[in-house]
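Descriptive analysis of the structure
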Amino acid sequence: MDTHDFPLDLLRAQTSWYTAYRRLADPASAISPTAGRRELLELSTRIAAHPFWSSPAGTPAARMQLKELAQREARQ
């Protein structure tokens, strides 16, 4: 698998997405469902519209690698 150098803001947004998703899925979380869904939507938009995806490096494989890397970071 190729390794990609993801922009830090893109990696942070994807990591935050997984953190927000887990918070929203946790019934003991203090976050309101509406606020959690808004946060996920805003992060999803930021991730999908990032200029990195318009570059030659923005391949489907890079998207999967970003997701895997962010999931590992979010678990730490």
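Residues numbered from 1 in each chain as written. Predicted model: local features only at pLDDT ≥ 70, side-chain atom pairs only at ≥ 80, totals over all residues. Heavy atoms only, no water.

Section: the packing of helix H1 (residues 8-25) against helix H2 (residues 33-48)
- As a packed pair, H1 and H2 sit with axes 9 Å apart at the nearest point and diverge in direction by 155°. Relative to H2, the element H1 is oriented roughly antiparallel. By crossing handedness, the relation of H1 to H2 is classed as left-handed. Across the interface between the two elements, Leu 10, Ala 13, Gln 14, Ser 16, Trp 17, Ala 20, Tyr 21, Arg 23 and Leu 24 of H1 pack against Pro 33, Gly 36, Arg 37, Glu 39, Leu 40, Leu 43, Ser 44, Arg 46 and Ile 47 of H2.
- Considering only residue class, the contact of H1 with H2 consists of ten nonpolar, four polar and four charged. (Axes fitted to C-alpha atoms, helices over the stretch in contact; angles between N-to-C directions. Helix = DSSP H or I, 4+ residues; strand = E, 2+ residues; numbered from the N terminus. Parallel < 35°, antiparallel > 145°, perpendicular 65-115°, else oblique. Left-handed = near helix turned anticlockwise from the far one by under 90°. Contact = heavy atoms within 4.5 Å. Nonpolar A, V, L, I, M, F, W, Y, C, P; charged D, E, K, R; others polar.)

What to know about the nonpolar core
- One finds Phe 6, Leu 10, Ile 47, Phe 52, Trp 53, Ala 62 and Leu 66 to be the most contacted residues of the largest nonpolar core, which totals 15 residues.
- Contributions of two or more residues to this core are made by H1, H2 and helix H3 (60-75).
- Ranked by residue count, the leading element in this core is H1, at five residues.
- Those residues in contact with Ala 62 that sit more than four places away from it in its chain are His 4, Phe 6, Phe 52, Trp 53 and Ala 57. (Core = buried A, V, L, I, M, F, W, Y, C linked by side-chain atoms within 4.5 Å. Buried < 20%, exposed > 50% of the residue type's maximum accessible area, 1.4 Å probe, protein only.)

A look at the pattern of salt bridges
- Taken as a whole, this structure holds two salt bridges when the rule is applied.
- For Glu 39, the salt bridge identified is with Arg 23, shortest N-O distance 2.6 Å. Here Glu 39 is found in helix H2, whereas its partner Arg 23 is found in helix H1, with 16 residues between them in sequence.
- Judged by its relative accessible area of 32%, Arg 23 is partly exposed.
- Of the charged contacts, one joins Arg 46 and Glu 42 as a salt bridge, the two residues approaching to 2.7 Å between their closest N and O atoms. Placement of both Arg 46 and Glu 42 in helix H2 is noted, with a separation of four residues, approximately one turn of the helix.
- Relative accessible area serves as the criterion here: at 39%, Glu 42 is assigned to the partly exposed category. (Salt bridge = Lys/Arg side-chain N within 4 Å of Asp/Glu carboxyl O.)

Regarding the packing of aromatic side chains
- A complete count under the given rule lists four aromatic pairs for this structure.
- Between Trp 17 and Tyr 18, the aromatic rings sit 5.3 Å apart at their centres with planes inclined by 85°, giving edge-to-face as the arrangement.
- A residue is classified by how much of its surface remains accessible, and Tyr 18, at 11% relative accessible area, is buried.
- Just above the ring of Trp 53 sits the side chain of Arg 63; from NZ or CZ to the centre is 4.2 Å. (Phe/Tyr/Trp six-rings, centres within 6.5 Å; stacked < 30°, edge-to-face > 60°. Lys NZ or Arg CZ within 6 Å of the ring centre and 35° of its normal.)

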